[in-house]
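The lines below spell out each chain.
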Amino acid sequence: QVQLVESGGGLVQPGGSLRLSCQASGNRFTILDMAWHRRQAPGQQRESIAIISRGGSTNYEPSVRDRFTITRDNAQNTVYLQMNSLKPEDTAVYYCVVGFRDDLGRVDTSWGQGTQVTVSS
């Protein structure tokens, strides 16, 4: 299994920036796609907002494209989400999601614990 540790959430004013980080750890695995999801209110479904392949290809949910940037450091098994020009509607719990393959070739997914981002004046 792969464990994920997220960091970087907090309170920021509209127009501000935050950077989220998520590091994966465990034994004998290969990280595949890495992504960030968010849930904007209790009871709402989590939505995928950014994904990056092992090779660096990215895709974004339209509402965050041009404001958020997902990157990864394969050597550190870490994925980042740089969030700029934040809006109140970006307030949400943000989750790191990592696909991985273990040493037996099995593919699975791990979720981070979630980090709160609040955009408010």
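Structure first, text after, so check above.
Residue positions within a chain follow its written sequence, with the count starting from 1. The predicted nature of this model means local features are confined to residues of pLDDT at least 70 and side-chain atom pairs, given and counted, to a pLDDT of 80 or more, with totals for whole chains, interfaces and linings taken over all residues. Excluded from the side-chain calculations are hydrogens and water; all other atoms, namely the structure's heavy atoms, are used.

1. Some words on the nonpolar core
Item 1. In terms of nonpolar packing, the biggest core is built from 29 residues, with Trp36, Leu81, Met83 and Tyr94 touching the most fellow members.
Item 2. Mapped by element, the contributors of at least two residues to this core are β1 (2-7), β3 (18-26), β4 (29-39), β5 (47-52), β7 (68-73), β8 (78-83), β9 (92-102) and β11 (115-119).
Item 3. The helix count covers DSSP runs of H or I at least four residues long, the strand count covers runs of E at least two residues long, and both are numbered beginning at the N terminus. In terms of residue count, the dominant contributor to this core is β9 (five residues).
Item 4. If sequence neighbours within four positions are ignored, Met83 has contacts with Gly16, Ser17, Leu18, Leu20, Arg67, Phe68, Tyr94 and Val117. Residues belong to one nonpolar core when they are buried, are Ala, Val, Leu, Ile, Met, Phe, Trp, Tyr or Cys, and are joined through side-chain atoms within 4.5 Å. Relative accessibility under 20% of the residue-type maximum defines a buried residue, over 50% an exposed one, and the middle range a partly exposed one, all with a 1.4 Å probe and only protein chains included. Only heavy atoms matter for contacts: two residues are in contact if any of them lie within 4.5 Å across the pair.

2. A few points about the sheet that holds β3
Item 1. Spatially, the four strands line up as an open sheet ordered β1-β3-β8-β7, and their pairing is antiparallel. Both edges of this open sheet fall to β1 and β7, since each of them pairs with a single strand only. Neighbour-to-neighbour, the strand axes of the sheet open up by a mean angle of 15°, direction not taken into account. Paired strands are those between which DSSP finds at least two bridges. For helices, the fitted line uses only the C-alpha atoms of the stretch in contact; every axis is such a line through C-alpha atoms, and the angle between N-to-C directions lies from 0 to 180 degrees.

Distances and angles like these do not, on their own, reveal function.
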